[in-house]
Amino acid sequence: MIDILTSIKSLNESQRRAVTAPLGHTRILAGAGSGKTCVLVHRIAWLIESQGYSPSNILAVTFTNKSAMEMRKKIENILGYHIDDMWVGTFHGLTHRVLRAYWKNSNLQQNFQILDGDDQQRILKRIVRNMEIDVTRWPAKQAQSYINAKKNEGLRVHNIYVDNDLYSQKMLLIYKIYEKECQRAGVIDFGEILLRCHEMWSRYPDILAVYQRRFQQILVDEFQDTNTVQYSWLQLLAGDRGHLFIVGDNDQSIYGWRGARIKNIQDFNQKYKDTTSIKLEQNYRSTGNILAAANAVISNNSKRPSKKLWTTDKDGDLIQLYQAHNERDEAAYIVEKINLWLDEGGKRADNAILYRLNAQARMIEEALLQANIPYYVYGGLCFFERAEIKDVLSYLRLISNRNDDAAFERIVNKPTRGIGASALSQLRQYAHEQKLTLWQSAVKIINSNSISTKNKNAISSFLILIDSLEPKNDKTPLNELTDLVIDKSNLRVYFSKDKTERGQGRTKNINQLIESTSRFNRQKGNEHMSLLNDFLSYASLETGEKLTDRSKDCVQLMTLHSAKGLEFPEVFMIGMEEGILPRNKFKNDTTSLSEERRLCYVGITRAKKILHLIYTETRYLYKKKITPVLSRFIKEIPTERLRKVCARKNIADNGNTPIVKSFTTLNETNLKSGQQVHHPKFGSGIIVDTEDSKKSFRVKVNFKNAGNKWLVLDYAKLKII
DNA sequence: GTGGAAGTCGTTTTT
DNA sequence: CGACTTCCAC
């Protein structure tokens, strides 16, 4: 018998109140490092052990597969036994499972497959081309984010009203066509999974009731990241009787750009009047100085439930602020500090380097490589996202469902088999006119006289190839099928011809894919579908392990976004500059600026012991040289918590690095109207107007002695006074 | 129709 | 800088 109550006694008072909150709706506002996961896990254990709930009556929802797995492990750890019949998963994983069980009611075909962002874009590109509108003016990418945004808000084409706005008219039309084609092809995109499930439940209350009866306790992690559909889905599931236990931190909401609504967590207790709301403010992660900095920064955001982290820990080291000469120096400084850390016996994995933009990582990587310090970059391509893997998967998808246009398009001429651009565009044209899928069109077109014999033969042999690959029964092992596909499609020969390192890596990867198919175990709830289909949906939802070995002791490189939920003894936040954090275009928009500030807050609170903030005097960003100024967020940190690190000497620079700061040069990131500036020839003046054309950025300056002048910013060398 | 070479373009964050 | 397109010679 596990004594869960003893375990609960070791928690602090707020945590204990949270874990044992009365059965009903509960909102936990959990600050960074306040033991949020611990509370969630204990609550579940408490429900089972102390309140008599069966694990099967509990649903735990997360955002990533990784955190779902970790949570399950922790719960099992505490309980001391396996909880196979408890659903722990991501929104996407869970709703997908529902759709598989009720595919018919969801208006899907049984072998439906999931479209990733890449496939989605491919389809949209084709649609835009078919519409015969200017592709450069209506890029597929834009349509993609439009459609995804609408789906995240739960909006279908018929829910959107447009007036005379050309842009939304076009977007809506694309949305409409896209939906039709997906339906025809039997594929659904990420956003669609949730939306479909939501709609199906709304349409069939009896099916919804099945789930409502089962899931009496619904626990949601990172609730601040939920979007409209997700929240609405939870509400539907909870109904009148289910209990929502939501955990999150409004100050760590950094995914507004992909539909997350911070209001969901902030207004939760207004939506559910009987909510028990508890704040977790004691921090177990960081030193006093780090917390003070974090609190100072975040307190500048308005409209947030007040929350202040505190610790019984000492103040610790001061936060170190370093102004590097340039990004090279920035990297060199980090290497120096990490070496120091290692010399004192620390681990490489204790160090994390956090940045706003992926592009910033390059220089750091170079420096670490040179210094022979192993590192790991988060957010690279996952295994199943690799081009060569997706090629093989596309064959498998086409075998499973001939109408999968995205798959068809990807591999119809890969490796090249004489079905070139012209044949393809004929095929697309035909499909478009006849409202058929590409495969259906191909079948029809080879029996007609509308194309050349050469094309006819090429297409025909492709169709025969795919047909011949389809296993006679479900008994064929997946790895044999995959091997056969790679062989017969000629992909193996095609990749092996490439003698470069990249090509060899590809061969290695496709072999690894065969390997992973042989190890594949059926997913729960998918028993009724073919093994192949089961594997394919696994591949698209479960991104799989990153290829680089993370188990080694490596310095950790990642964006601020992907750092959420992690912690490190020593943290370097680089590029603490206006224009980077906050990002340039967010400067004048309060909502986005708040999100940028939260991003900064997330970064600071990752640090346990030592925090370095670094900005540069000059830097190249997108091949443009800029002279940034310190981020406003860093200026918000009380100076007594900071120590300015002096510029180091002997830096491999051109030797002309001024230690004494001169006037900052005016650039796009630091200019504002009314700014006093100085020009070498015209003397001093005031900016009265600006103009941003594609080619150059111009400012109009009213000079005391020379009158009004329009100047190109890049050449004028204006200094801020 | 194919493959290489040259040229253009656009750069946030991702389940 | 790299991914993507376009152009050109086979």
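What counts and what doesn't
- All chains use their own residue numbering, which begins from 1 and follows the written sequence.
- By the order in which they are written, chains take letters starting at A while ligands take numbers starting at 1.
- With pLDDT at 70 or above as the cut-off, local features in this predicted model cover only qualifying residues; side-chain atom pairs require 80 or more to be listed or tallied, and sums for whole chains, interfaces and linings still use all residues.
- The basis for every side-chain value is the complete set of heavy atoms in the structure, and neither hydrogens nor water enter the calculation.
- Think of pLDDT as the predictor's per-residue confidence, scored from 0 to 100.
- Counting from the N terminus, the helices are DSSP H or I runs at least four residues long and the strands are E runs at least two residues long.
- Throughout, a contact is declared for two residues whenever any of their heavy atoms are within 4.5 Å.
- Working definition: residue near molecule or strand if any one of its non-hydrogen atoms lies within 4 Å of it.
- Polar contacts, as counted here, are pairs of nitrogen or oxygen atoms within 3.5 Å of one another; within protein the pair requires one atom able to donate a hydrogen and one able to accept it, and residues that are adjacent in sequence qualify only if both atoms are side-chain atoms.
- Nonpolar cores were defined as sets of buried Ala, Val, Leu, Ile, Met, Phe, Trp, Tyr and Cys residues, with membership established by side-chain atoms within 4.5 Å.
- The buried label goes to any residue with under 20% of its type's maximum accessible area, the exposed label to any with over 50%, and the partly exposed label to all in between, with areas taken from a 1.4 Å probe on protein chains only.
- In this analysis, strands are considered paired if DSSP registers two or more bridges between them.
- Here an axis means a line fitted to C-alpha atoms, over the contact stretch when the element is a helix, while the angle between two N-to-C directions is reported on a 0 to 180 degree scale.
- Here, a disulfide means two cysteine sulfur atoms that sit within 2.5 Å of each other.
- Roughly parallel here means an angle under 35 degrees, roughly antiparallel means over 145, roughly perpendicular means 65 to 115, and every remaining angle is called oblique.
- In this scheme the handedness of a crossing depends on how the near helix is turned from the far one: anticlockwise by less than a right angle means left-handed, clockwise means right-handed.
- The nonpolar class holds Ala, Val, Leu, Ile, Met, Phe, Trp, Tyr, Cys and Pro. Asp, Glu, Lys and Arg form the charged class, and all remaining residues, Gly among them, are polar.
- Look down the strands so they point away from you; if the path from the first strand over the helix to the second goes clockwise, the crossover is right-handed.
- For a helix, the expected span equals 1.5 Å multiplied by the residue count minus one.
- Note that the arc is defined by the directions from the helix axis to the C-beta atoms.

A. Molecular detail of the confidence of the model for chain A. Chain-level statistics for chain A give a pLDDT mean of 85 and a share of 87% at 70 or above. Per-residue pLDDT, averaged within each element of chain A, yields its smallest value for helix H29 (residues 713–716) (54) and its largest for helix H10 (residues 205–214) (97). Low pLDDT, under 50, characterises residues 650–665; the predicted model gives this stretch 23 contacts beyond four residues in sequence or across chains.

B. Representation of the protein's contact with DNA strand B within the structure. Among the 23 residues in the neighbourhood of DNA strand B, the closest are listed as Phe-63, Arg-356, Asn-358, Gly-418 and Ser-422. Counting only the atoms of DNA strand B that lie within 4 Å of the protein, the sugar and phosphate share comes to 55%. Note that a sugar or linking oxygen of DNA strand B is positioned 2.8 Å from one of the side-chain N or O atoms of Arg-258. Side-chain polar atom of His-561 to a base oxygen of DNA strand B: 3.2 Å apart, as the coordinates give it.

C. Fine view of the nonpolar core. With 46 residues, the main nonpolar core has Phe-384, Leu-393, Leu-396, Phe-408, Ile-459, Phe-462 and Val-485 as its most contacted residues. Within the second largest apolar cluster, 42 residues are counted, among which are Val-297, Leu-309, Leu-321 and Tyr-615.

D. Structural view of the sheet that holds strand E17 (residues 642–645). Judged by pairing direction, the sheet is parallel, and its seven strands sit side by side in the order E11-E12-E10-E13-E14-E9-E17 without closing on themselves. Single-partner strands in this sheet number two, and they are strand E11 (375–377) and E17. Here the average twist between neighbouring strands, direction ignored, is 20 degrees. Relative to E17, strand E9 (residues 319–324) runs parallel, the two being bridged by four bridges. Residue pairing in the sheet places Gln-320 in a bridge with Arg-643 of E17. Packed on one face of the sheet, helix H15 (residues 327–343) meets E9, strand E10 (351–355), strand E12 (555–559), strand E13 (568–573), strand E14 (607–616) and E17 and runs near 160 degrees to E14. Its contacts with the sheet place helix H16 (residues 361–370) against E10, E11 and E12, and it is angled at close to 170 degrees to E12.

E. Inspection of the environment of Ile-574 at higher detail. With respect to the element layout, Ile-574 can be found in the loop between E13 and helix H27 (590–604). Residue class for Ile-574 comes out buried when judged on its relative accessible area of 1%. The spacing of Ile-574 and Ala-361 is 213 residues in sequence and 9.5 Å in space, taken between C-alpha atoms. Excluding its chain neighbours within four sequence positions, the residues that come into contact with Ile-574 are Glu-330, Ile-334, Ile-353, Leu-354, Tyr-355, Gln-360, Ile-364 and Ile-614.

F. Expanded view of the state of the cysteines. A complete count under the given rule lists zero disulfides for this structure. Of all cysteine sulfurs, the one in Cys-182 lies closest to Cys-197, which takes part in no disulfide; the gap is 18 Å. Residue Cys-197 is classed as buried on the basis of its relative accessible area of 0%.

G. Looking closely at the side chain of Thr-287. As for its position among the elements, Thr-287 is in the loop between strand E8 (276–280) and helix H14 (288–298). If we ignore the near neighbours within four places in the chain, the residues touching Thr-287 are Thr-311, Asp-313, Lys-314, Asp-315, Gly-316, Lys-608 and Lys-609.

H. Just unusual backbone geometry, in detail. Looking along the chain, the bond that leaves Lys-414 and enters Pro-415 is cis, with omega of 0 degrees. Along the chain, Pro-415 turns up in the loop between helix H18 (405–411) and helix H19 (421–434). Omega for the peptide link from Leu-581 to Pro-582 comes to 5 degrees, which places this bond in the cis form. Topologically, Pro-582 is positioned in the loop between E13 and H27.

I. Summary view of the environment of Leu-642. Positionally, Leu-642 belongs in strand E17. Measuring from C-alpha to C-alpha, the distance between Leu-642 and Ile-177 comes to 56 Å, with 465 residues separating the pair along the chain. Excluding its chain neighbours within four sequence positions, the residues that come into contact with Leu-642 are Leu-318, Ile-319, Leu-321, Leu-613, Ile-634 and Ile-637.

J. Region of interest: the packing of H15 against H16. The N-to-C vectors of H15 and H16 enclose an angle of 45 degrees; their axes lie 9 Å apart at closest approach. The orientation of H15 with respect to H16, classified from their angle, is oblique. In this structure, the crossing between H15 and H16 has a hand that is right-handed. Counted together, Glu-327, Arg-328, Ala-331, Ile-334, Val-335 and Ile-338 of H15 and Met-363, Ile-364, Ala-367 and Leu-368 of H16 form the full contact between these two elements. Classifying every residue of the contact of H15 with H16 by side-chain character gives eight nonpolar, no polar and two charged.

K. Here's a closer look at the pairing of strand E7 (residues 243–248). For E7, the buried fraction is high: six of the six residues fall into the buried class. In terms of strand pairing, strand E1 (residues 26–30) meets E7 through four bridges, oriented parallel. The partner of Thr-26 across the bridge, within E7, is Phe-245. Examined bridge by bridge, strand E6 (residues 217–220) and E7 share four bridges and lie parallel to one another. Looking across to E7, one finds that Val-220 is bridged to Ile-246. In terms of handedness, the path from E6 via helix H11 (residues 228–238) over to E7 forms a crossover that is right-handed.

L. Inspection of helix H24 (residues 501–518) at higher detail. The terminal C-alpha atoms of H24, which comprises 18 residues, lie 26 Å apart, in line with the 26 Å expected from a rise of 1.5 Å per residue. Those residues of H24 that fall on the buried side of the exposure criterion are Gly-503, Asn-509, Ile-510, Leu-513, Ile-514, Ser-516 and Thr-517. Along the axis of H24, the buried positions cluster into a sector of 165 degrees, meaning they face one direction only. Exposed and facing more than 90 degrees away from the buried side of H24 are Glu-501 and Lys-508. Structurally, H24 contributes buried residues whose contacts are with helix H17 (387–400), helix H22 (478–488), helix H23 (491–496) and helix H25 (531–541).

M. Spatial organisation of the pairing of strand E3 (residues 87–90). In the sheet, strand E2 (residues 58–62) pairs with E3 via four bridges, with the strands oriented parallel. Directly across from Thr-62, in E3, lies its bridge partner Thr-90. Between the parallel pair E2 and E3, the chain is carried across by helix H4 (residues 65–79), and the sense of this crossover is right-handed.

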